[in-house]
Amino acid sequence: MRVLIVDDEPELCEQIALILRQQQYTVDTAGDGVVALEKIFTDPYDLIVLDIMLPEKNGFAVLGELRGEGVAIPVLMLTAKGEVANRVKGLDLGADDYLHKPFSMAELLARIRALLRRSHEQISSSLIIGNIRVDTNTRIVTLDDQPVNLTPKEFSLLEFLFYNRNRAISRFNMAEHVWGDAFDPFTMSNNIDVHIKNLRKKLDDQAGRIIVTVRGVGYMARDEQA
Amino acid sequence: MKIRNRITLWISLAGLASSAVLSLVVFFWGLETPYEFLDQELEIRAHTLTDELTREQAEGGPVARDLERFSHLYWARVYDAEGREIFASQMARKIALPMQPGDQGYLVRTTIPLGSFYSDEDDEPAAFWNRVFTVTVSGARYQAHVARPVESLVGESIESAIMIGCALLASVLTVVVVGYLVAGKILRPVQEINRLTAEITEKTLEKRIPLAGNRDEIDELAGSLNEMFNRLQYSFLRQKEFVANASHELKTPITLLRLSMEETLQDEHLPLPLQDQLLAQERALTRISQLVKSLLDLSRLELSEVLEKETFSLGELVASVVAEFQALMQDQHLTFTSQMAGACVIHADQEKVRRIVINLLDNAIRYNQPGGEIRCRIEPSTAGQGLIALRLANTGVGINPNDRARVFDQFYRCEKSRATAHGGSGLGLTIVKRIVELHGGSITVTSEAPNWTVFVVTLPLGRAS
């Protein structure tokens, strides 16, 4: 999952980024509204954490512009405590949730998970296909209720596929969401094949019934019941 | 020939010419002058002698002793109007000298040593400077032939010529030395300008030559150079801005194109040939997208991006990047070994250093061979204090020695034909080099037989040291 954090306080940006990275999110940061919009319109994000007070272009303007362009990425607004008017304005402009400053990291993480679930029409924090359950909260994967030991990148890849169930995802797309910009997508698309192979082995899906190879395109998590 | 030497030569030649003219004047003037003095002296002698003689004759007395003594330093003969000799000095009685009447003095050389006329013991042959005067005393005409022994003026003139020659030499030497110093002084501002201009490179285009403000030619030159640098810097910035803007403007349509392409590919009923075409297009588009991203990154780095430095462990950073590639390396049966001298804490821009490691490791994997090896080593640099060296060696195709210097160039690939097979934007190493330079470090690439390629990144430890 790829997240963009927009805040003019570099320390806070880095702090949030650090914790999200520990949670295996792919994180980018932006210090002002203009850079934020540039990134939003060119890179695929799964979620944006947006502060209201920003130089160049404030959070409302950024939000207004991206919703105006029809970008439906979930947005979590950060507001100073007690600004009821701001909260209302933000939600009216199309923010999906808000969080008071100062906030606890646990709450931020919970809200991010909730927003990701909501945007992918999930009801619980567990993503289940067949006999595989991915708990996005505890980051534990079980196969027939038995925990499976996955590497952080294997988990992220599986999580991304499960969130986008029944959609064929190209390797380059997966590379961007799971590894981010710094890596070469060509090298990473090879890397993805390796990860998928390992995942199938660990999840006893060598036949590729759940993690389906879509000829030429990439992969898809197929949920027959959906 | 260097301008300094040329100026010295010109100054010296000018000095030599003027000194030579001066010397010639002095020399010839020095040759003439003694005779002029002699002439005057002899004339006075001739007159006084004749005066005295006529006074004595008038008094009817014999030639006085006074007169004898008075004239003992001179050769003198006085004739009356009828040509009879009325007086001969002591010297004149010893030696005869030819008489050549006229206004000019003349020299008569003898073989008699000079010492026989004077008390000094000079045995140089005597030469006489003669003058013949016609003197009229109270109506009577007399002819006075007066001469004086002179030292050999040839010897004198040789001596003086030598003297003048020495002086000339000394003066030329002085002119050469002074000329060299003066030339140096004249050229010092030029050298200063040269030094400063050499310091201004593509990377330091904002530097300027300080102006003295005295509006002289050198200052004007410096001013013109500065103007040129202004224009250069402007066009450089324009170019970089253009790349940045173009890349940015390209990103949006590429993203839109990719989204629609991916959406089309979701259609399971797409005919196979069409699907294959779309896949080829997606591949090409991803390449373009990667290229544009790299261009944007590079132009940001070129526009001297500020470093956000923090203190972190280089060892941990490398380990985390390696973890991202671990599965891929295992799949390709690559053996990775690393060797680190402790945590290797440095103070640098972590995200950018991460980029260095990612790009280098990506290369090491991409150009490797199945079953190959990658070795990583982090250690204090041998190049100097406060430096850390990250050494990444891999087996594989290796780099041709001719290509080695150029691998950091933009879009340079060692094997043109295999470029697409290996993927990549051709900008990875250029970005690496720029980040290393921004940190004040250096990067080298060497090949070690057989087929080993070694990249060594040297970075300053920064505040952490």
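Positions within a chain are numbered from 1, following the residues in the order the chain's sequence is written. Chains carry letters and ligands carry numbers; both start at the beginning, A for chains and 1 for ligands, and go up in the order they are written. Reporting of local features is limited, given that this is a predicted model, to residues whose pLDDT is at least 70; pairs of side-chain atoms are given and counted only at 80 or more, and all residues count toward the totals for whole chains, interfaces and linings. Only hydrogens and water are set aside when side-chain values are computed; all heavy atoms of the structure are taken into account.

Trainee: Any chance you could explain the overall build of chain B here in plain terms?
Mentor: What counts as a helix is a DSSP run of H or I of at least four residues, what counts as a strand is a run of E of at least two, and both are numbered from the N terminus. Across its full length, chain B carries 11 helices and 12 strands. For chain B, restricting intrachain contacts to residue pairs at least 6 apart in sequence, the fraction spanning at least 24 positions comes to 63%. Contacts were defined at the residue level, with two residues in contact if any of their heavy atoms lie within 4.5 Å.

Trainee: Got a minute to help me understand a nonpolar patch on the surface in this structure?
Mentor: All names here are of chain B. Nonpolar side chains (Val, Leu, Ile, Met, Phe, Trp, Tyr) are joined into patches within 5 Å and like charges within 9 Å, using only residues with over 30% relative accessible area and no salt bridge. Each accessible area is a Shrake-Rupley result for a 1.4 Å probe, and residues are judged covered by the shown protein chains and nothing else. The rule for a salt bridge is simple: a side-chain nitrogen of Lys or Arg has to be within 4 Å of a carboxyl oxygen of Asp or Glu. A cluster of nonpolar side chains, contributed by M1, L9, W10, L13 and L16, occupies part of the molecular surface with about 550 Å² of accessible area. Looking at the element boundaries, L13 is found in helix α1 (residues 3-59). Classification of L13 by relative accessible area gives partly exposed; the value is 48%. The classification of residues rests on relative accessible area computed with a 1.4 Å probe and restricted to protein chains. Under 20% of the type maximum is buried, over 50% is exposed, and intermediate values are partly exposed.

Trainee: Looking at this structure, I do not really get the sheet that holds strand β7 (residues 132-135) of chain A. What am I missing?
Mentor: Working definition: the strands of a sheet are paired by backbone hydrogen bonds and lie parallel or antiparallel to each other. Residues and elements named next belong to chain A. Following DSSP output, two strands are said to pair if at least two bridges run between them. Strand order in this open sheet of 4 strands is β6-β7-β8-β9, and the pairing throughout is antiparallel. Edge strands, defined here as strands with exactly one partner in the open sheet, are β6 (126-129) and β9 (146-148). Neighbour to neighbour, the strand axes of the sheet diverge by 25 degrees on average, direction disregarded. Here β6 runs beside β7; their pairing, made up of 4 bridges, is antiparallel. Each residue of the ladder has a partner; that of I128, found in β7, is R133. Across the sheet, helix α6 (residues 152-163) touches β6, β7 and β8 (140-143), and the angle it forms with β7 is around 105 degrees. The axes used here are C-alpha line fits, helices contributing only the stretch in contact, and every angle between their N-to-C directions lies in the interval 0 to 180 degrees.

Trainee: Which parts of the structure should I look at to understand the pattern of salt bridges?
Mentor: Opposite charge on two side chains permits them to pair, given that their charged atoms come into close proximity. Enumeration according to the criterion identifies 32 salt bridges over all chains in this entry. In this structure, A:R67 engages A:D96 in a salt bridge whose closest nitrogen and oxygen atoms are separated by 2.9 Å. In this pair, A:R67 is assigned in helix α3 (residues 59-68) and A:D96 in the loop between α4 (84-93) and β5 (97-101), connecting sequence segments 29 residues apart. The partner of B:K293 in a salt bridge is A:E176, and the shortest N-O contact between them spans 2.7 Å. Of this pair, B:K293 sits in helix α6 (residues 272-302) while A:E176 sits in helix α7 (residues 171-178), placing the two residues on different chains.

Trainee: Explain the environment of B:L107 to me, please; I cannot follow it from the model alone.
Mentor: Residue and element names in this part refer to chain B. With respect to the secondary-structure elements, L107 resides in strand β3 (residues 106-113). Overall, L107 belongs to the partly exposed group, its relative accessible area being 30%. In sequence terms L107 and N130 are 23 residues apart; their C-alpha atoms lie 6.1 Å from each other. The contact partners of L107, leaving out residues within four places of it in the chain, are Y35, A127, F128, W129, N130 and V150.

Trainee: Help me understand the pairing of strand β2 (residues 85-88) of chain B, please; the structure alone is not making it clear to me.
Mentor: The side chains of a regular strand alternate between the sheet's two faces. All names here are of chain B. With 3 bridges joining them, strand β1 (residues 75-79) and β2 adopt antiparallel strand pairing. The residue bridging V78 from the neighbouring strand is F87, located in β2. Hairpin connection, β1 to β2: the antiparallel pair is bridged by 5 residues, and G83 has positive phi, about 90 degrees.

Trainee: Please explain the layout of surface pockets as it appears in this structure.
Mentor: Take a probe with the size of a water molecule and roll it over the atoms, and the empty space left behind shows itself. Space inside the second largest pocket adds up to approximately 1,200 Å³. Together, 40 residues line the second largest pocket, and A:P44, A:Y45, A:I73, A:H177 and B:L259 are the ones closest to its centre. Broken down by element, the residue count for the lining of the second largest pocket peaks at 9 residues, all from helix α5 (residues 217-265) of chain B. Only Asp, Glu, Lys and Arg are considered charged in this grouping, and only Ala, Val, Leu, Ile, Met, Phe, Trp, Tyr, Cys and Pro are considered nonpolar; every other residue, Gly among them, is considered polar. Here the lining of the second largest pocket is composed, by residue class, of 15 nonpolar, 13 polar and 12 charged. Definitions used for this entry: grid spacing 1 Å over protein atoms alone; cavity, a set of points where a 1.4 Å probe fits but cannot get out; pocket, an open set with protein on both sides within 12 Å along at least 5 of 7 lines; lining residue, one with an atom within 4 Å of a point. Grid points are joined across faces, edges and corners, and a volume is the space filled by probe spheres set on the points.

Trainee: Looking at this structure, how should I read the interface of chain A and chain B?
Mentor: For an interface, size is often stated in terms of accessible area lost upon the parts coming together. Facing the 31 residues of chain A at the interface are 36 residues of chain B. Two parts lose some accessible area (1.4 Å probe) when they are put together, and adding that loss for both gives the buried area. With both sides pooled, the region where chain A packs onto chain B buries about 3,000 Å², and carbon together with sulfur makes up 49% of that total. Remark: the boundary between chain A and chain B carries 8 salt bridges. Contacts described as polar in this section are N or O atom pairs within 3.5 Å, which, within protein, must combine one atom able to donate a hydrogen with one able to accept it, while residues neighboring in sequence count only if both atoms come from side chains. Inspection of the region where chain A meets chain B yields 15 residue pairs in polar contact (both at pLDDT 80 or more). Put simply, the parts of the chain that give the side of chain A that touches chain B at least two residues each are α2 (33-42), α7 and α8 (185-202) of chain A. With 10 residues, α8(A) is the largest single contributor of residues to the side of chain A that touches chain B.

Trainee: Honestly, the packing of α6(A) against α8(A) in this entry has me stumped. Any pointers?
Mentor: Between two packed helices, what matters for the description is the angle formed by their axes and the separation of those axes. Residue and element names in this part refer to chain A. Orientation of α6 relative to α8, taken along the N-to-C sense of each, is 85 degrees, at an axis distance of 10 Å. Accordingly, the angle class assigned to the pair α6 and α8 is roughly perpendicular. On the side of α6, the interface is formed by K153, E154, L157, L158 and L161, while α8 contributes I192, H195, I196, N198, L199 and K202. Grouping the constituent residues of the contact of α6 with α8 by class yields 6 nonpolar, 2 polar and 3 charged. Working definition: roughly parallel below 35 degrees, roughly antiparallel above 145 degrees, roughly perpendicular at 65 to 115 degrees, and oblique for all remaining angles.

Trainee: Looking at this structure, how should I read empty space enclosed by the protein?
Mentor: Enumeration according to the criterion identifies 5 cavities of 30 Å³ or more in this entry. When its volume is computed, the second largest cavity comes out at roughly 90 Å³. Residue lining of the second largest cavity: A:F172, A:A175, A:E176, A:G180, A:D181, A:F183, A:P185, B:R258, B:T286, B:S289, B:Q290 and B:K293, and that is the complete set. Of all the secondary-structure elements, those providing two or more residues to the lining of the second largest cavity are α7 of chain A together with α6 of chain B. The element that contributes the greatest number of residues to the lining of the second largest cavity is α6(B), accounting for 4 residues. Residues belonging to the lining of the second largest cavity are distributed by class as follows: 4 nonpolar, 4 polar and 4 charged.

Trainee: Is there a simple way to explain the packing of aromatic side chains in this structure?
Mentor: Remark: the centre distance and the inter-plane angle together describe each pair of aromatic rings, the angle taken between the planes. Aromatic pairing here means that ring centres of Phe, Tyr or Trp (its six-membered ring) are within 6.5 Å. Orientation follows from the plane angle: under 30 degrees is stacked, over 60 is edge-to-face, and everything else is tilted. Tallied over the full model, the rule gives 4 aromatic pairs over all chains. Consider the rings of B:F408 and B:F455, whose centres lie 6.2 Å apart with planes at 80 degrees: the pair is edge-to-face. Of this pair, B:F408 sits in the loop between α9 (401-404) and α10 (419-422) while B:F455 is found in strand β12 (residues 452-460), placing the two residues 47 residues apart along the sequence. We note that B:F408, like B:F455, is buried. Here, over-ring charges are defined by two tests on the NZ atom of lysine or the CZ atom of arginine: distance to the ring centre within 6 Å, and angle to the ring normal within 35 degrees. Over the ring of A:F60 we find A:K89; its NZ or CZ atom is 4.4 Å from the centre of that ring.

Trainee: Help me understand the environment of A:R117, please; the structure alone is not making it clear to me.
Mentor: Residues and elements named next belong to chain A. The topology assignment puts R117 in helix α5 (residues 105-119). Overall, the relative accessible area of 17% leaves R117 in the buried class. When the C-alpha atoms of R117 and Y163 are compared, they prove to be 7.7 Å apart, with 46 residues separating the residues in sequence. Sequence-distant contacts of R117, defined by excluding residues within four places in its chain, comprise Q122, I123, S124, S125 and Y163.

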